[in-house]
Amino acid sequence: MLSTKVKESLGPIFPIANKIRLLFLKIKYAGNNVVCSCCKSSFKEFAPFGDNRRKNAWCPQCESLERHRLLWMYFENKTSLYTEPLKVLHVAPETVFFHKLKNQTNIDYFPVDIYPHLYPKGTTYLDILDHEIPDNSFDVIICNHVFQYIEDDKKAIKNIYKLMKPGGWGIMQVPINTSRKTTYEDSSITDPLEREKAFGLKEHVRYYSYDYADKLRNAGFNVNVDDYSADFSNEEIHKYGFWKGDSIYYCTK
Ligand SMILES: [Zn+2]
């Protein structure tokens with residue numbers, strides 16, 4: 001849960017520089033070709049993002065990326081997140097979701113992380129590997145892009161399962177390496193540069209693949225890997241700035 005997240009959300013660390021950058025990008029990308037599902041703003045296109053400057057990726061208004069916009073629409077169209085009374089645990093809370101969920105009157109919201117200072121104000125400390133929260137406490141758990149940082153991911157996933165109420169649901173996204181059939185991990189690789197080469201980022205300890213859903217199932221979850229981006233045409237994929245082939249890992253207990 002971290003330094004990558006810092007790169008994605010410069011706001012908490014360099015607030016003024018970030019505001020100027022956003023203002024510049026809003027002017028540069030002004031237009032009506034694409035629409036952000038999170039903040040409903042329109043642009044000529046989304047700004048490029050990442051080391052390879054991938055195109056049509058980053059919203060200059062709310063700082064959402066492709067995966068945030070797809071998940072936001074999934075929440076709206078396929079879940080009760082914005083309507084039913086729910087107690088929600090949000091691990092490593094993405095800024096764009098944090099502000100939405102915090103202000104939802106139907107939600108009792110618990111944003112947490114082991115490094116809360118890296119997240120929006122109001123995030124509290126929680127180590128999902130070692131805590132005292134009773135089992136069966138939450139209706140919904142959102143835990144995105146977390147397990148790839150944790151060496152004992154089996155324990156982390158099991159603990160998330162325990163925290164969920166029976167009948168609850170959750171979203172647990174991780175980066176999936178589609179060039180492999182199974183998850184790749186090697187605990188002897190500890191050098192940050194070697195980890196980057198092996199697992200995609202310096203802080204990652206593995207690269208998940210298609211067997212990730214089985215890891216969730218082994219902890220007890222029922223898992224629906226929803227190829228939600230396939231519900232949209234190529235024109236819509238571009239218009240909303242989604243990532244074609246992005247699947248949602250929807251877990252229930
Ligand atoms: Zn936006």
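Keep in mind that what you see is a predicted model, and the values were worked out from it rather than measured.

**Considering the overall build of the chain**
Each helix and strand in the chain was counted, giving eight helices and 13 strands. Here the C-alpha atoms of the chain give a radius of gyration of 18 Å, agreeing with the 18 Å that 2.2 N^0.38 yields for 253 residues. Its C-alpha atoms give the chain principal-axis dimensions of roughly 45 × 45 × 40 Å. Counting the 253 residues in the chain, one finds 51% classified as buried. For the chain, contacts bridging at least 24 residues in sequence account for 60% of all contacts bridging at least 6. When the accessible surface of the chain is totalled, it reaches about 12,500 Å², and 51% of it is carbon and sulfur. Counting 34 positive and 32 negative side-chain charges, the chain places the averaged centre of each group 4 Å from the other.

**Here's the deal with the coordination of the zinc ion**
Ligation of the zinc ion by protein atoms is provided by C36 (SG), C39 (SG), C59 (SG) and C62 (SG), these donors lying 2.2 to 2.3 Å from the ion. Every donor counted, the four donor atoms about the zinc ion form angles of 104 to 115 degrees at the centre, which fits tetrahedral coordination. Each donor residue of the zinc ion belongs to the same chain, and together they define the spacing C-x2-C-x19-C-x2-C. On the criterion of sequence distance, the pair formed by C36 in the loop between β1 (34–35) and β2 (42–43) and C62 in the loop between β4 (54–58) and α3 (66–78) is long-range, its members being 26 residues apart. Across this residue pair, the class does not change: C36 and C62 are buried.

**Some details on helix α5 (residues 153–163)**
For α5, the full list of buried residues reads D153, A156, I157, N159, I160, Y161 and L163. Residues of α5 that are buried sit in contact with β5 (86–91), β8 (138–143), β9 (164–171), β11 (206–207) and α7 (212–218).

**Quick look at the packing of α3 against helix α4 (residues 95–102)**
Closest axis-to-axis distance for the α3/α4 pair is 10 Å, and the angle between their directions is 25 degrees. When the axes of α3 and α4 are compared, the pair comes out roughly parallel. Of the residues in α4, those in contact with H68, L71, W72 and F75 of α3 are V96, F97 and K100. Looking at side-chain class alone, the contact of α3 with α4 contains five nonpolar, one polar and one charged residues.

**Some points on the pairing of β9**
Inspection of the sheet shows β8 paired to β9 by four bridges, in the parallel sense. Along β9, the bridge assignment pairs F138 with M164. Running through α5, the crossover from β8 to the neighbouring parallel element β9 is right-handed. By the bridge criterion, three bridges tie β9 to strand β13 (residues 248–252) in an arrangement that is antiparallel. The partner of G170 across the bridge, within β13, is C251.

**Quick word on a positive patch on the surface**
The grouping of R21, K28, K44 and R53 at the surface amounts to a positive patch. Owing to a relative accessible area of 41%, K44 belongs among the partly exposed residues under this scheme.

**Thoughts on the domain arrangement of the chain**
For the chain, the domain assignment lists domain 1 (3–58) and domain 2 (66–252). Centre-to-centre separation of domain 1 and domain 2, based on C-alpha positions: 22 Å. Of the residues lining the interface, 19 residues belong to domain 1; the matching set on domain 2 comes to 23 residues. Both sides together, the interface formed by domain 1 and domain 2 hides about 1,800 Å², and carbon and sulfur atoms give 49% of it.

**With respect to empty space enclosed by the protein**
Throughout the structure, instances matching the rule amount to two cavities of 30 Å³ or more. Counted as a void, the second largest cavity has a volume near 60 Å³. Forming the boundary of the second largest cavity are R67, H68, L71, E94, F97, N144, H145, Q173, D246 and I248. Looking at the lining of the second largest cavity, the element that brings in the most residues is α3, giving three residues. For the lining of the second largest cavity, the residue count by class is three nonpolar, four polar and three charged.

**With respect to the packing of aromatic side chains**
Aromatic rings in a pair are described by how distant their centres are and how their planes are angled relative to each other. As enumerated under the stated definition, the model contains 19 aromatic pairs in all. Ring geometry for Y74 against Y228: centres 5.2 Å apart, planes inclined by 80 degrees, an arrangement best described as edge-to-face. One end of the pair, Y74, is in helix α3; the other, Y228, is in the loop between β12 (222–226) and α8 (234–240), with 154 residues separating them in the sequence. When its relative accessible area of 3% is taken as the criterion, Y228 is described as buried. Residues F75 and Y82 carry aromatic rings whose centres are separated by 6.3 Å and whose planes lie at 75 degrees to one another, so their mutual orientation is edge-to-face. We note that F75, like Y82, is buried.

**Quick notes on the sheet that holds β13**
Taken in spatial order, the seven strands line up as β7-β6-β5-β8-β9-β13-β12 in an open sheet, and their pairing is mixed. Two strands bound the open sheet, and with one partner strand each, they are β7 (124–125) and β12. Relative to β7, strand β6 (residues 107–113) runs parallel, the two being bridged by two bridges. Note on β7: the bridge partner recorded for V112 is T124.

Thresholds, definitions, all that
Residues numbered from 1 in each chain as written. Predicted model: local features only at pLDDT ≥ 70, side-chain atom pairs only at ≥ 80, totals over all residues. Heavy atoms only, no water. Helix = DSSP H or I, 4+ residues; strand = E, 2+ residues; numbered from the N terminus. Rg over C-alpha atoms; globule rule 2.2 N^0.38 Å. Buried < 20%, exposed > 50% of the residue type's maximum accessible area, 1.4 Å probe, protein only. Contact = heavy atoms within 4.5 Å. Areas by Shrake-Rupley, 256 points an atom, 1.4 Å probe, with all protein chains shown as cover. Lys, Arg positive; Asp, Glu negative; His and termini not counted. Charge placed at Lys NZ, Arg CZ, Asp CG, Glu CD. Donors = N, O, S within 2.8 Å, 3.2 Å for Na, K, Ca; no water. Tetrahedral: all angles 85-135°; square planar, octahedral: opposite > 155°, others 65-115°. Axes fitted to C-alpha atoms, helices over the stretch in contact; angles between N-to-C directions. Parallel < 35°, antiparallel > 145°, perpendicular 65-115°, else oblique. Nonpolar A, V, L, I, M, F, W, Y, C, P; charged D, E, K, R; others polar. Pairing = 2+ DSSP bridges. Right-handed = clockwise from strand over helix to strand, strands pointing away. Patch = residues over 30% accessible without salt bridge, like charges linked within 9 Å, V, L, I, M, F, W, Y side chains within 5 Å. Salt bridge = Lys/Arg side-chain N within 4 Å of Asp/Glu carboxyl O. Domains from an automatic or database assignment. Buried area = accessible area lost by both parts, 1.4 Å probe. 1 Å grid on protein atoms, 1.4 Å probe; cavity = no way out; pocket = protein on both sides within 12 Å on 5 of 7 lines; lining within 4 Å. Points joined across faces, edges and corners; volume = space filled by probe spheres on them. Phe/Tyr/Trp six-rings, centres within 6.5 Å; stacked < 30°, edge-to-face > 60°.

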